[in-house]
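# Architecture and fold: a report
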Amino acid sequence: EGVYIYAGHPGANNGEAGGGLGYWTTLTPGFGIGFASDGETNSLSNRFGIELPFAARLHQKAPEKNIAIIKASRGGTSLALGASGYGDWSLDYSEGNRRNSYDNALTAISGAMTNRDIDGDGAMDVLTPRGILWMQGESDAAHTAETAAAYEENLTRMMNLLRAALWTDELPVVIGQIKDSGDTPETRVMPYSPEVIAIQNEYAASHKCATIVKVTEGFEFPEDDPWHYLSENYLELGEAFADAVLALETSCPPGD
């Protein structure tokens, strides 16, 4: 209770209409893969994302804070154009209705910031952006060497664009470091994961108000799924994101 989420419809691949539609509601489980929304009704899934342990940790460490989460996420997407079968965030996408994950994220942000009576009491709430959580990069690391090399430019551009969409130039950014289930070139499912991991760490080290969460180094994978972690790992990941956001508030407070 007291934690609210605006989860934008994840959509399908590039070009599907309705992506990003949602509304403010109390946070519950069910906003993981399989979740859908038409902007008026949410269809919850049997999965959860890092928003659940993230909010629980924030509430535990800072119970006086009001918490509102905008979720704009689709699994498997790439930053590079055409590097994934699940869509991308590239500004160069121009087919059909020209909508991709970036457009869907803008729709979710716009809807969330426009409909500001998040608790339904009839009074408009003041929403102050406090950070961006970014857990992505596997598809870029699995595509080509050129795609992996372009990750630095694409990541920097996307974080700048999302900061601009939230009207905060130095908005804190927390990057979740990706992890490969294979430890050698022969066993990796992402041939270029070392390159993307290095870029993620360099971004966090070289950009003001950015940091990286590295708990994924100890994560495990289900026997039949070399891409996703165990449930307990996602709980740990959400908590680590919360700790990182709180730490950045000390070193990079709002308005700094």
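Further up the page is the structure itself.
Below: a short report on this structure. (Residues numbered from 1 in each chain as written. Predicted model: local features only at pLDDT ≥ 70, side-chain atom pairs only at ≥ 80, totals over all residues. Heavy atoms only, no water.)

## Digging into the overall build of the protein chain
Across its full length, the protein chain carries seven helices and eight strands. The C-alpha atoms of the protein chain give 18 Å as radius of gyration, which agrees with the globular expectation for 256 residues (18 Å, within 12%). Its C-alpha atoms give the protein chain principal-axis dimensions of roughly 60 × 45 × 35 Å. Pairs at least 24 apart in sequence give 61% of the contacts found in the protein chain among residues at least 6 apart. Approximately 12500 Å² of the protein chain is accessible, and the part contributed by carbon and sulfur atoms is 50%. Seen as two clouds, the 16 positive and the 37 negative side-chain charges of the protein chain have centres 4 Å apart. (Helix = DSSP H or I, 4+ residues; strand = E, 2+ residues; numbered from the N terminus. Rg over C-alpha atoms; globule rule 2.2 N^0.38 Å. Contact = heavy atoms within 4.5 Å. Areas by Shrake-Rupley, 256 points an atom, 1.4 Å probe, with all protein chains shown as cover. Lys, Arg positive; Asp, Glu negative; His and termini not counted. Charge placed at Lys NZ, Arg CZ, Asp CG, Glu CD.)

## Focus on the packing of aromatic side chains
Taken as a whole and judged by the stated rule, the model has six aromatic pairs. Plain terms: the ring middles of Phe 31 and Phe 35 are 5.0 Å apart, the flat faces sit at 50° to each other, and that makes the pair tilted. With respect to class, Phe 31 is no different from Phe 35; both count as buried. Each ring, one from Tyr 229 and one from Tyr 234, has its centre 5.4 Å from the other, and the planes form 40°; the classification is tilted. (Phe/Tyr/Trp six-rings, centres within 6.5 Å; stacked < 30°, edge-to-face > 60°. Buried < 20%, exposed > 50% of the residue type's maximum accessible area, 1.4 Å probe, protein only.)

## Focus on the side chain of Ser 78
Along the polypeptide, Ser 78 turns up in the loop between strand 5 (67-71) and helix 2 (101-114). A relative accessible area of 0% means that Ser 78 is categorised as buried. Polar side-chain contacts of Ser 78 include one of 2.7 Å to the backbone oxygen of Ala 80. Look past the residues within four positions of Ser 78 in its chain and what remains in contact with it is Ala 83, Ser 84, Gly 87, Asp 88, Trp 89, Gln 136, Ser 139 and Asp 140. (Polar contact = N/O pair within 3.5 Å; in protein donor to acceptor, adjacent residues only side chain to side chain.)

## Brief notes about unusual backbone geometry
The phi angle at Arg 98 is positive, at roughly 65°, despite the residue not being glycine. Overall, Arg 98 belongs to the partly exposed group, its relative accessible area being 48%.

## What to know about the nonpolar core
Formed by 35 residues in total, the largest nonpolar core has its most connected members in Trp 134, Leu 155, Met 158 and Met 159. Secondary structure elements with two or more residues in this core: strand 1 (3-7), helix 2, strand 6 (132-134), helix 5 (151-165), strand 7 (173-176), helix 6 (193-206) and strand 8 (210-213). Apart from residues lying up to four places away in sequence, Trp 134 is in contact with Leu 79, Trp 89, Tyr 151, Leu 155, Met 158, Met 159, Leu 162, Val 174, Ile 175, Gly 176 and Phe 241. Formed by 25 residues, the second largest nonpolar core is a distinct cluster that contains Ile 5, Phe 31, Ile 50 and Phe 241. (Core = buried A, V, L, I, M, F, W, Y, C linked by side-chain atoms within 4.5 Å.)

## Here we look at the packing of helix 1 (residues 51-61) against helix 7 (residues 231-251)
Interaxial distance between helix 1 and helix 7 falls to 7 Å at its minimum, and their mutual angle equals 45°. Relative to helix 7, the element helix 1 is oriented oblique. Once helix 1 is placed against helix 7, the crossing between them reads as right-handed. Along its contact with helix 1, which presents Pro 53, Phe 54, Arg 57, Leu 58 and Lys 61, the element helix 7 presents Tyr 234, Leu 235, Gly 238, Glu 239, Phe 241, Ala 242, Asp 243, Val 245 and Leu 246. Each residue belonging to the contact of helix 1 with helix 7 can be placed in one class, and the counts come to nine nonpolar, one polar and four charged. (Axes fitted to C-alpha atoms, helices over the stretch in contact; angles between N-to-C directions. Parallel < 35°, antiparallel > 145°, perpendicular 65-115°, else oblique. Left-handed = near helix turned anticlockwise from the far one by under 90°. Nonpolar A, V, L, I, M, F, W, Y, C, P; charged D, E, K, R; others polar.)

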